[in-house]
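# Analysis of the macromolecular model
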Amino acid sequence: MKQVAVDDTEDVSLDLGNEEELALRKAKIRHPLATFFHLFFRIGAIVAYLFCDWFSKSFVTCFVTILLLLSFDFWSVKNVTGRLLVGLRWCNQIDEDGKSHWVFEAKKVSSNNSASTEVEARIFWLGLIICPMIWTIFFFSTLFSLKLKWLALVIAGISLQSANLYGYVHCKTGGQKNVGRAASRFLSQQLFQR
């Protein structure tokens, strides 16, 4: 029998911290309440728009209900779920001279327990991308079916949802000047990833 000599002097680096961080990132959902409300207001506004005539014959009641859901969605995504689910934030600040300054922030990646997971990030971006598309479809269907009284509501839905999408894509791309190309590249990566 022939024995093969094994080289026991080979250095192997063990990076134990990355395994823990990877396990945390692969966890299912770490912020279930934020994830729920990120989808609840968005889907609630769409469902209310589609089925509001079944529950109430009053146009004003439907209009106010849907507009409130859209407003709650805008506020919660901009101020809460963007921070918790993907670590991004955007805002508009007005200085003493009255000039408007847009601020786009991204949290530095750290290995603490408040980091978001891949599932949460995917839910966040899919909700942020798909819902403005749905409101755009509503815009054309409202326009072609000549239900012009709903047009203002649909435009409000497109505006609020697209503003959040624009702000977060700008945050993700680092506030680059040529956002159009970077945004299209980022959106295509998110949609066709895996």
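Residues numbered from 1 in each chain as written. Predicted model: local features only at pLDDT ≥ 70, side-chain atom pairs only at ≥ 80, totals over all residues. Heavy atoms only, no water.

## A look at the state of the cysteines
Inspection of the entire model under this criterion finds 1 disulfide. Shown here is the disulfide that connects Cys 52 with Cys 62, its sulfur atoms set 2.2 Å apart. Looking along the S-S bond of the Cys 52-Cys 62 disulfide, the torsion reads about -100 degrees, which is the left-handed sense. Of this pair, Cys 52 sits in helix α2 (residues 32-55) while Cys 62 is found in helix α3 (residues 59-86), placing the two residues 10 residues apart along the sequence. Accessibility expressed as a relative area gives 10% for Cys 52, which makes it buried. Note on Cys 62: relative accessible area 1%, which makes it buried. Here Cys 91 stays free of any disulfide, with the sulfur of Cys 171 as its closest cysteine sulfur at 8.7 Å. (Disulfide = S-S within 2.5 Å. Helix = DSSP H or I, 4+ residues; strand = E, 2+ residues; numbered from the N terminus. Buried < 20%, exposed > 50% of the residue type's maximum accessible area, 1.4 Å probe, protein only.)

## Comments concerning the pattern of salt bridges
According to the stated counting rule, one finds 2 salt bridges in the structure shown. A salt bridge links Arg 42 to Asp 73, with the nearest nitrogen and oxygen atoms 3.2 Å apart. Taken together, the positions of Arg 42 in helix α2 and Asp 73 in helix α3 put the pair 31 residues apart, joining distant regions of the chain. Assessed through its relative accessible area of 2%, Asp 73 is described here as buried. With a closest N to O distance of 2.7 Å, Glu 105 and Arg 89 form a salt bridge. (Salt bridge = Lys/Arg side-chain N within 4 Å of Asp/Glu carboxyl O.)

## Some remarks on the UniProt feature "transmembrane region" (unreviewed entry) in the chain
This chain's UniProt record puts "transmembrane region" (unreviewed entry) on residues 33-51, 57-75, 123-144 and 150-169. Helix makes up 89% of residues 57-75 and strand 0%, and the two end C-alpha atoms of the span are 28 Å apart. (UniProt positions renumbered as here; feature names shortened; annotations may be inferred.)

## Side note on a nonpolar patch on the surface
Together, Ile 43, Val 47, Leu 50, Phe 51, Trp 54 and Phe 55 make up a nonpolar patch on the protein surface, roughly 690 Å² of accessible area in all. Take Ile 43: it is sitting in helix α2. (Patch = residues over 30% accessible without salt bridge, like charges linked within 9 Å, V, L, I, M, F, W, Y side chains within 5 Å. Areas by Shrake-Rupley, 256 points an atom, 1.4 Å probe, with all protein chains shown as cover.)

## Some details on the environment of Tyr 166
Tracing the backbone shows Tyr 166 in helix α5 (residues 151-172). Tyr 166 gets classed as partly exposed once you look at its relative accessible area, which sits at 48%. As for Tyr 166 and Trp 90, which are separated by 76 residues in sequence, their C-alpha atoms are 9.7 Å apart.

## As for the pairing of strand β1 (residues 88-94)
Pairing analysis gives 7 bridges linking β1 to strand β2 (residues 100-106), with the strands arranged antiparallel. Across the sheet, Gln 93 pairs through a bridge with His 101, a residue of β2. Remark: 5 residues form the turn of the hairpin made by β1 and β2, two consecutive strands paired antiparallel; Gly 98 in that turn has positive phi of roughly 90 degrees. (Pairing = 2+ DSSP bridges.)

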